[in-house]
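Structural characterization, general
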Amino acid sequence: MDSPLMPPEVAALLEAAMATLRAELGALPERVVAWHPAAGEWCAKEVLGHLIEAERRGFAGRIRIILAGHDPALGGWDQVEVARARRDCERAAGTLAEEFAATRRESVALVVGLRAADLGRGGRHPKVGPLRVAELLHEWVHHDRNHLRQMLANVQTFAWPHMGNAQRFSTA
């Protein structure tokens, strides 16, 4: 197995994901970032809201809890209910992007400040069991890219019916 990502590498990847999201959201018209690819699926703004909450409650939040205690209990959260309560689809994309950027800057500072000894520290999650800081860092990188893909797929799905015969380039 290859060696794991170290905190400076994770911090760089977190910053890269932020830059990608900001560039994509900045280029898209509001009607596209508010568009739902299917009933019950998130628009791009709701995906961004989820990333904000996952950062606060899941990744940076859990790391802070772990660093503050010894083998602490780590709570879960109802992602669907939190998304519903946030009402991100009704918010301006630029406002969400700024909220995400501010949250991400704080998180990058947290990650950069991690020491080698911090990576082995952990807590207990009711659903998945023991979690170490190093594992959370890797999940964070994975989670970002999963939702980047989701946002990009929303745009692809929006563009598809407008492609006409050019669709054949993608199906041939």
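See the structure printed just above.
My aim in this report is to walk through the structure given alongside it, one point at a time. (Residues numbered from 1 in each chain as written. Predicted model: local features only at pLDDT ≥ 70, side-chain atom pairs only at ≥ 80, totals over all residues. Heavy atoms only, no water.)

What you tend to see is this: most non-glycine residues have negative phi, and most peptide bonds are trans. Even without being glycine, D71 reaches a positive phi, approximately 50°. Mapped onto the secondary structure, D71 falls in the loop between α3 (44-68) and α4 (79-86). Backbone geometry places R87, a non-glycine residue, at a positive phi of 55°. For R87, the location among the structural elements is in the loop between α4 and α5 (93-112). According to the relative accessible area criterion, R87 is partly exposed, its value standing at 48%. (Helix = DSSP H or I, 4+ residues; strand = E, 2+ residues; numbered from the N terminus. Buried < 20%, exposed > 50% of the residue type's maximum accessible area, 1.4 Å probe, protein only.)

Taking 1.5 Å per residue, 25 residues should reach 36 Å; α3 reaches 34 Å between its end C-alpha atoms and fits that length. Considering bend angle alone, the principal kink of α3 is centred on G61 and spans about 50°. In terms of residue burial, α3 counts as a mostly covered element, since 19 of its 25 residues are buried. (Expected span 1.5 Å × (residues − 1). Bend = angle between axes of the 7 residues up to and from the residue.)

Let's shift gears to the pairing of strand β2 (residues 129-132). The side chains of a regular strand alternate between both faces of the sheet. With four bridges connecting them, strand β1 (residues 122-125) and β2 associate as antiparallel partners. By the bridge assignment for β2, R124 is matched with P130. Remark: three residues form the turn of the hairpin made by β1 and β2, two consecutive strands paired antiparallel. (Pairing = 2+ DSSP bridges.)

Let us look at the pattern of salt bridges. In this structure the tally under the stated criterion is 17 salt bridges. The partner of K45 in a salt bridge is E30, with the nearest N and O atoms 2.4 Å apart. Separated by 15 residues along the polypeptide, K45 in helix α3 and E30 in helix α2 (residues 30-33) bring together distant segments of the chain. Assessed through its relative accessible area of 3%, K45 is described here as buried. In this structure, E81 and R84 form a salt bridge, with 3.2 Å as the shortest nitrogen-oxygen distance. Taken together, the residues span about one helical turn, with E81 and R84 both in helix α4 at a distance of three residues. Judged by relative accessible area, which is 39%, E81 ranks as partly exposed. Through salt bridges with shared partners, a single network forms among E53, R56, R57, R86, D88, R91 and E99. (Salt bridge = Lys/Arg side-chain N within 4 Å of Asp/Glu carboxyl O.)

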